[in-house]
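Structural characterization, general
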Amino acid sequence: MRKLLNLLLKPIKLLLRGIKALLHIFAKLLIPILVWMLLTLLVAEYVLKPQAPRLPPPPRAPTQQEVLETLRTRAPMKIQLMYLLLVKASGHQRDLNGVYVIPDPRWNAFVTNRNEIYFLSGMLAEIKNDHEIAYILAHEISHVMLGHTRKDRVPEDSRFSEFHSDMMALVLMQKAGFDPCKASGLWARMAKRSGSQIVTSSHPDPVQRAHYTKLPQCEAKK
Ligand SMILES: [Zn+2]
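Below: a short report on this structure.

Reading the values: the criteria
Residues numbered from 1 in each chain as written. Predicted model: local features only at pLDDT ≥ 70, side-chain atom pairs only at ≥ 80, totals over all residues. Core = buried A, V, L, I, M, F, W, Y, C linked by C-beta atoms within 7 Å. Buried ≥ 20, exposed ≤ 12 C-beta atoms within 10 Å, placed from the backbone. Helix = DSSP H or I, 4+ residues; strand = E, 2+ residues; numbered from the N terminus. Contact = placed C-beta atoms within 7 Å. Pairing = 2+ DSSP bridges. Axes fitted to C-alpha atoms, helices over the stretch in contact; angles between N-to-C directions. Parallel < 35°, antiparallel > 145°, perpendicular 65-115°, else oblique. Left-handed = near helix turned anticlockwise from the far one by under 90°. Nonpolar A, V, L, I, M, F, W, Y, C, P; charged D, E, K, R; others polar. Expected span 1.5 Å × (residues − 1). Arc of directions from axis to C-beta.

Points about the nonpolar core
Among the nonpolar cores identified, the biggest contains 33 residues, and Leu-86, Ala-134, Tyr-135, Leu-137, Ala-138, Ile-141 and Met-173 are the most heavily contacted of them. Secondary-structure elements contributing two or more residues to this core are helix 3 (77-90), strand 2 (99-102), strand 4 (117-120), helix 5 (130-145), helix 6 (158-175) and helix 7 (185-192). Among the elements that take part in this core, helix 5 stands out by supplying 8 residues, more than any other. Aside from chain neighbours lying at most four places away, what touches Met-173 is Leu-86, Ala-134, Tyr-135, Ala-138, Phe-178 and Pro-180.

A few points about the sheet that holds strand 3 (residues 109-111)
The strand order 1-2-4-3 describes an open sheet built from 4 strands, whose pairing is mixed. At either margin of the open sheet sits one strand with a lone partner, and together these are strand 1 (73-74) and strand 3. In this structure, strand 2 lies alongside strand 4, joined through 4 bridges in parallel fashion. Directly across from Val-99, in strand 4, lies its bridge partner Ile-117. Each of strand 2, strand 3 and strand 4 touches helix 5; the most contacted strand, strand 3, lies at about 25° to it.

A few points about the packing of helix 3 against helix 5
At their nearest, the axes of helix 3 and helix 5 sit 10 Å apart, and the two run at 45° to each other. One way to sum up the angle between helix 3 and helix 5 is to call them oblique. The crossing of helix 3 and helix 5 is right-handed. On the side of helix 3, the interface is formed by Ile-79, Met-82, Tyr-83, Leu-86, Val-87 and Ser-90, while helix 5 contributes Asp-130, Ile-133, Ala-134, Leu-137, Ala-138, Ile-141 and Met-145. Tallied by class, the residues present in the contact of helix 3 with helix 5 amount to 11 nonpolar, 1 polar and 1 charged.

Quick look at helix 3
The end-to-end C-alpha distance of helix 3 is 20 Å, a good match for the 20 Å that 14 residues give at a rise of 1.5 Å each. Three or more residues of helix 3 are buried, namely Ile-79, Met-82, Tyr-83, Leu-86, Val-87 and Ser-90. Mapping the buried residues of helix 3 onto a view down its axis gives an arc of 135°, with all of them on the same face. Exposed residues on helix 3 whose side chains face more than 90 degrees from its buried face are Met-77, Lys-78, Leu-81 and Lys-88. Two residues or fewer past helix 3, Gly-91 is found with a positive phi of approximately 75°.

And the structure:
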C-alpha cells in the first residue's frame, strides 16, 4: 500500500521540484530583465526619438500702455505750449504727464489712468482754431482735476463725469486765457457726424453738449 502511494506521489514531487527550479532561475533573471527593459525605454525615448526643437516661450500680448507708447508721438509744439498754460491754470502740474498724438482717423481724445492726454490724429485734422484745441485739452485735464482717472475711484455714470468735465473745461480754458465762445462750434460739428465715426454711448449727446457749453456771454457777443 505504502509502495503504491509513493509511486503515485513521485510524479507530483517531480513536478513541484521542477517548478521550484524554474522559479529560482526566473528570480535570478528578473533583475537583468527589468534593467534591460528600462534601458530600452530610455534609449527609445531619448536617443531614437527625435527631440522637438526647444522654442522660446510665446510672446505675451502687449499691454494697452505699451501699445500707446509704440504708436504715439509728442503733440506738436503749439499744442504742448497750450497744454502747459492749461496745466498751470489747473494747479495740477504734478499729476499730468504730457500730451501725445496717435494715428487714428476717428474723432476722439482721451486721458489715461497715468494722466497722459491723447489726441487721435483724426480729431486734430478737423480742428478749426486754437480755442477748440484748448477746450479739448481743458476737458481732459478736468477729468484729472475731478479725480476721474484715479484707479481707486468709485465708478459713476460716464455721461455724468463727461458733463462735469465739460463744465470745468469752460472755466479752466477761460482762466488760461482762451475763449470758450470760439470753441462752441466743436460740438455742433460733432453732432453733424454723430453716429458715423464717433462713439457716443459713453458720452453725452453732442447736441446736448453744444447746448450746455454755450455760455450766455457768447450769445451777447454776437
Ligand atoms: Zn471726457
